[in-house]
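Structural characterization, general
In case you want the letters, here they are:
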Amino acid sequence: MAAGGGGCPAGGNDFQWCFSQVKGAIDEDVAEADIISTVEFNYSGDLLATGDKGGRVVIFQREQENKSRPHSRGEYNVYSTFQSHEPEFDYLKSLEIEEKINKIRWLPQQNAAHFLLSTNDKTIKLWKISERDKRAEGYNLKDEDGRLRDPFRITALRVPILKPMDLMVEASPRRIFANAHTYHINSISVNSDHETYLSADDLRINLWHLEITDRSFNIVDIKPANMEELTEVITAAEFHPHQCNVFVYSSSKGTIRLCDMRSSALCDRHSKFFEEPEDPSSRSFFSEIISSISDVKFSHSGRYMMTRDYLSVKVWDLNMESRPVETHQVHEYLRSKLCSLYENDCIFDKFECCWNGSDSAIMTGSYNNFFRMFDRDTRRDVTLEASRESSKPRASLKPRKVCTGGKRRKDEISVDSLDFNKKILHTAWHPVDNVIAVAATNNLYIFQDKIN
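Chains are numbered independently. Their residues run from 1 in the order of the written sequence. Restriction of local features to residues with pLDDT of at least 70 applies here, the model being predicted, together with a cutoff of 80 or more for giving and counting side-chain atom pairs; totals for whole chains, interfaces and linings are based on all residues. Hydrogens and waters are ignored; side-chain quantities use all the structure's heavy atoms.

Time to look at the side chain of His181. By the secondary structure assignment, His181 is in the loop between strand E11 (161–177) and strand E12 (187–190). Take His181: its relative accessible area is 8%, and that puts it in the buried class. At 2.9 Å, the side chain of His181 and the side chain of Asp201 are in polar contact. A polar contact of 3.5 Å, which involves the side chain of His181, links it to the side chain of Asn206. By definition in these notes, contact holds between two residues if any of their heavy atoms fall within 4.5 Å. Excluding its chain neighbours within four sequence positions, the residues that come into contact with His181 are Lys122, Ser199, Ala200, Asp201, Arg204 and Asn206. Helix numbers and strand numbers start at the N terminus; a helix is a DSSP run of H or I with at least 4 residues, a strand a run of E with at least 2. Type-normalised accessible area, obtained with a 1.4 Å probe on protein chains alone, sets the label of each residue: buried when under 20%, exposed when over 50%, and partly exposed for intermediate values. Polar contacts here mean pairs of N or O atoms no more than 3.5 Å apart (in protein, one a potential hydrogen donor and the other a potential acceptor; neighbouring residues in sequence count only if both atoms are side-chain atoms).

Note that a disulfide, as used here, is simply two cysteine sulfur atoms within 2.5 Å. As enumerated under the stated definition, the model contains zero disulfides in all. Between Cys244, a free cysteine, and Cys267, which holds the nearest cysteine sulfur, the sulfur-to-sulfur gap is 12 Å. Classification of Cys244 by relative accessible area gives partly exposed; the value is 35%. The thiol of Cys403 is unpaired, and the distance to the nearest cysteine sulfur, on Cys346, comes to 20 Å.

To continue, consider the environment of Pro173. Looking at the secondary structure, you find Pro173 in strand E11. Classification of Pro173 by relative accessible area gives partly exposed; the value is 45%. When near neighbours in sequence (up to four residues on either side) are disregarded, Pro173 contacts Leu126 and Trp127.

Our focus in this paragraph is the nonpolar core. What is meant by a nonpolar core is a set of buried Ala, Val, Leu, Ile, Met, Phe, Trp, Tyr and Cys residues, joined one to another through side-chain atoms within 4.5 Å. Among the nonpolar cores identified, the biggest contains 19 residues, and Tyr310, Leu334, Leu341 and Leu418 are the most heavily contacted of them. Setting aside anything within four residues of it in sequence, one finds Leu418 in contact with Tyr333, Leu334, Asn368, Phe370, Val402 and Ile413. Core analysis: the second largest hydrophobic core is formed by 18 residues, Cys354, Met363, Met373 and Val438 among them.

Once that is clear, we can look at the side chain of Ser299. Structurally, Ser299 can be placed in the loop between strand E20 (295–298) and strand E21 (304–308). For Ser299, the side chain forms a polar contact with the side chain of Ser301, separated by 3.0 Å.

A separate point is the sheet that holds strand E22 (residues 312–317). Two modes of strand pairing occur in sheets, parallel and antiparallel, and in both the strands are linked by backbone hydrogen bonds. Read from one edge to the other, the open sheet built from four strands follows the order E20-E21-E22-E23, with strand pairing classed as antiparallel. Bordering the open sheet on either side are E20 and strand E23 (326–329), each of which pairs with just one other strand. Taken over all neighbouring pairs, the strand axes of this sheet differ in orientation by 15° on average, direction set aside. Pairing between two strands requires that DSSP report at least two bridges joining them. For E20 and E21, the ladder comprises four bridges, and the chain directions are antiparallel. Bridged to Asp295 within E21 is Arg308. To obtain each axis, a line is fitted to C-alpha atoms, and for helices this fit is confined to the stretch in contact; angles are then taken between N-to-C directions over 0 to 180 degrees.

On a range of 0 to 100, pLDDT expresses the predictor's confidence in each residue. Summarising the model, the chain shows a mean pLDDT of 89, and 94% of its residues fall at 70 or more. Within the model, the stretch residues 1–13 combines pLDDT values under 50 with 43 contacts to residues more than four positions away or in other chains.

This paragraph deals with the packing of aromatic side chains. Classification of ring pairs uses Phe, Tyr and Trp, with its six-membered ring standing for Trp, and accepts pairs whose centres are within 6.5 Å; under 30 degrees between planes counts as stacked, over 60 as edge-to-face, and the remaining range as tilted. Under the criterion given, the structure shown has 20 aromatic pairs. Here the aromatic rings of Phe274 and Trp316 are separated by 5.9 Å at their centres, their planes lie at 75°, and the arrangement is edge-to-face. One end of the pair, Phe274, is in strand E19 (residues 272–274); the other, Trp316, is in strand E22, and 42 residues separate them in sequence. Taking the relative accessible area as the measure of exposure, Phe274 reaches 0% and is therefore buried. Relative accessible area serves as the criterion here: at 1%, Trp316 is assigned to the buried category. Geometrically, the ring pair formed by Tyr445 and Phe447 is stacked, given 6.0 Å between the ring centres and 5° between the ring planes. Grouping residues by exposure puts Tyr445 and Phe447 together as buried. Through pairs of rings, three or more aromatic residues link up here, namely Phe19, Phe371, Tyr445 and Phe447.

Attention now goes to the pairing of strand E10 (residues 124–137). The side chains of a regular strand alternate between both faces of the sheet. Here strand E9 (residues 114–119) pairs with E10 via six bridges, running antiparallel. Each residue of the ladder has a partner; that of Leu117, found in E10, is Leu126. In sequence, E9 turns back onto E10 through a hairpin of four residues. In this sheet, E11 lies alongside E10 in antiparallel orientation, the contact comprising 13 bridges. Pairing of Glu131 across the sheet is with Val169, part of E11.

As structure tokens, this is what we get:
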């Protein structure tokens with residue numbers, strides 16, 4: 001399978017995934033602030049950004065391939081680290097606003113600098129990341145150390161010159177979009193017009209212009225007049241990759257609404273409504289909780305969208321609203337454990353999902369630092385593990401299997417011994433190559449296809 005195909009190492013002629021790098025400390029005691037809360041490749045895949053619960057953004061840059069070290073094929077190294085958000089306090093509501101980065105979204109690159117949006121629960125910031133490798137010397141009005149010169153001592157004009165210096169990467173906040181959300185922001189999505197973006201919270205979706213910070217336009221509002229009548233909340237929202245007037249949002253009831261901004265300014269009335277009818281025989285106390293959609297992502301082609309609920313990933317054709325065209329079970333063996341997962345709050349975990357560059361494979365996370373891949377063409381799937389035990393350079397990842405009862409085989413792990421504190425909520429797939437980034441607590445694992 002060609003690079004970019006993104007198949008699964010389930011056998012046959014498919015390539016193997018192998019370990020490339022792991023970033024982050026090995027400590028057993030993980031500081032809360034170091035837990036990674038979002039992972040995102042930029043449009044070219046040369047930069048990879050992570051945000052954490054401490055409000056920091058770390059950007060990794062892919063090294064150019066090195067002839068003298070062929071095995072270090074395109075490693076990612078730290079490019080820039082900056083504090084994006086600080087903890088705040090809402091004095092009106094007596095609420096602490098966490099600094100945790102909920103989402104990062106890159107803007108398509110227009111010039112030498114890179115731009116990204118990062119958001120915590122309330123405030124979105126637009127950051128510019130730029131390089132400086134020259135500095136000006138020989139000013140007329142100030143000395144080399146920056147002090148102003150006495151005007152009477154300036155007797156001749158100098159022409160400032162540029163001198164080379166060590167490369168510096170600077171991150172500077174260009175815009176701050178604040179005070180537009182009453183509830184917690186769960187999604188931001190940059191529009192294909194490259195001028196606007198949306199931000200969604202539990203009950204509203206706002207449309208922003210990237211140049212205008214003091215006002216946004218409310219495009220969806222599902223807040224009932226009486227909050228006691230509230231039956232669902234918005235869980236995720238995303239713009240269509242090519243049609244700038246189309247976006248979708250998912251709900252805690254397991255439904256997805258596709259809206260067209262050409263039909264009306266306020267998109268409370270959707271154009272399409274995607275919902276799978278529930279099987280009455282499998283209804284239980286947990287049905288509503290596990291049907292809540294935690295992530296929705298359009299395919300790169302724009303024809304499909306993928307939704308992740310607690311137990312499965314579904315692929316929908318935008319032309320068919322009645323049911324998904326594919327349903328992939330992520331960890332069906334947890335169905336018998338829903339009671340204990342409810343008691344330890346894991347049932348409310350929000351797993352994300354992502355497409356590979358050619359839309360032929362999808363990936364999402366699970367517990368015990370497992371993550372799942374599904375090959376849409378061959379309908380094969382595989383469970384892989386992000387662990388330091390198998391983190392030798394270029395070591396192939398062995399598929400993992402979970403047994404649900406009866407006799408356990410040697411290479412299987414029992415469902416009762418899964419660690420629910422180790423969970424992979426955030427994953428990202430390189431837009432072109434078979435390179436994936438997987439966030440496991442405070443560590444970022446990078447895997448790639450094995451080149452023989």
